[in-house]
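# Secondary and tertiary structure notes
Here are the chains, one letter per residue:
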Amino acid sequence: MQNGLKNKVVVITGASSGIGKATAELLAAGGAKVVIGARRADRLQNLAAAIQSYGGQVAWRETDVTNREDLQKLVALAIDRFEGLDVMVNNAGIAQLSKMEDLDIEGWQQMIDVNIKGTLYGIAAALPQFKKQGSGHIINIISTAGIAIVPAMGVYAGTKNAVRTISEALRQESDGRWRVTGISPGYVQSEFVSNIRNEAIREASQEKADQISIPADSIAQAVAYAVSQPGNVDIGDIVIRPSVQG
Ligand SMILES: NC(=O)c1ccc[n+]([C@@H]2O[C@H](COP(=O)([O-])OP(=O)(O)OC[C@H]3O[C@@H](n4cnc5c(N)ncnc54)[C@H](OP(=O)(O)O)[C@@H]3O)[C@@H](O)[C@H]2O)c1
């Protein structure tokens, strides 16, 4: 599998923690050239230094995925530094969970901006280069929240299912020019739950996550698997959850 990673140029959003960070580490260790983005520059700098310390190839740029220009600049960095773009991993995501009657409009807007618009801006930044090359690979990190619908996760799941739908259309439009993979994680060890503002839901989610969540590397392994396939093989949808998750 590692040979399929060698020298692939991979942009990863949300690479300052959790799944994005684990993916950057695994792919760089396998010989990919990783270009990492997120808002916390200090985290990116430390991760880049760690990757470089074992001879890995990496570039980083402070990136807010709600800003289309930031995604364009992140992709431009990949093309300038590593002369192309093989894979765009749209991983940055947030969850502001609450019942809809609580009217957390700000939380809804944040999830729409980061999870939907952020992914679309990543796709928009990558596609011109993919069209030029005649090849490319979009990997969108979705969620099992969009598969098993439960209370308080309605808007979050809605944003993730928007990405699922967009991914499938993008795959059908490709006609062999690019590959599209959707990866839906269940509970994963990361900083994700700690960013939920609703205290009661954050605490309940954290308790569940502490009990059952699986390492972020489990998701990184799936990204590596999809990236490593020959160009004519498109891994469509992967669902990865703790074996005890209902
Ligand atoms: N953990 C889970 O249980 C779980 C389950 C299903 C799906 N997922 C999905 O997995 C993905 C990664 O989440 P994670 O679990 O690794 O959580 P995490 O540790 O909180 O990581 C989220 C990443 O997204 C970045 N991010 C958030 N807002 C951003 C913005 N506006 N611009 C750029 N980057 C932004 C964060 O970086 P900065 O704060 O530095 O910007 C961070 O690097 C998300 O799409 C999430 O929906 C997670």
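See the structure shown above.
Rules and cut-offs
Residues numbered from 1 in each chain as written. Predicted model: local features only at pLDDT ≥ 70, side-chain atom pairs only at ≥ 80, totals over all residues. Heavy atoms only, no water. Helix = DSSP H or I, 4+ residues; strand = E, 2+ residues; numbered from the N terminus. Expected span 1.5 Å × (residues − 1). Buried < 20%, exposed > 50% of the residue type's maximum accessible area, 1.4 Å probe, protein only. Contact = heavy atoms within 4.5 Å. Near = heavy atom within 4 Å. Polar contact = N/O pair within 3.5 Å; in protein donor to acceptor, adjacent residues only side chain to side chain. Areas by Shrake-Rupley, 256 points an atom, 1.4 Å probe, with all protein chains shown as cover. Nonpolar A, V, L, I, M, F, W, Y, C, P; charged D, E, K, R; others polar. Pairing = 2+ DSSP bridges. Axes fitted to C-alpha atoms, helices over the stretch in contact; angles between N-to-C directions.

### Observations concerning helix 1 (residues 18-29)
Helix length check: helix 1 (12 residues) gives 17 Å between terminal C-alpha atoms against 16 Å at 1.5 Å per residue, within 8%. Burial within helix 1 is extensive, with 9 of its 12 residues counted as buried. Along helix 1, the positions that sit buried rather than exposed are Gly18, Ile19, Gly20, Ala22, Thr23, Ala24, Leu26, Leu27 and Ala28. Buried-residue contacts for helix 1 involve strand 1 (9-13), strand 2 (33-38), helix 2 (41-53), strand 6 (179-185) and helix 7 (216-228).

### Some thoughts on the site of the ligand
Taken together, 30 residues are adjacent to the ligand, and Ser16, Arg39, Asn91, Tyr156 and Ser190 come closest. Taking Ser17, its side chain carries an N or O atom lying 2.8 Å from an oxygen atom of the ligand. Within the backbone of Phe192, one N or O atom sits 3.3 Å away from an oxygen atom of the ligand. Expressed as a share of its isolated accessible area of 870 Å², the protein-covered part of the ligand is 96%. At the level of secondary structure, the elements contributing two or more residues to the shell around the ligand comprise helix 1 and helix 5 (154-174). Here the shell around the ligand is composed, by residue class, of 14 nonpolar, 11 polar and 5 charged.

### Details of the sheet that holds strand 5 (residues 137-141)
Backbone-to-backbone hydrogen bonds join strands into a sheet, with any given pair of strands oriented parallel or antiparallel. Ordered in space as 3-2-1-4-5-6-7, the 7 strands form an open sheet in which the pairing is parallel. The open sheet terminates on both sides in strands that have one partner only, identified here as strand 3 (57-62) and strand 7 (237-240). Across the sheet, the mean angle separating the axes of adjacent strands is 15° when strand polarity is ignored. In this sheet, strand 2 lies alongside strand 1 in parallel orientation, the contact comprising 5 bridges. By the bridge assignment, Val10 is partnered in strand 2 with Val34. Together, strand 2 and strand 3 form the strand contacts of helix 2, whose direction differs from that of strand 3 by roughly 175°.

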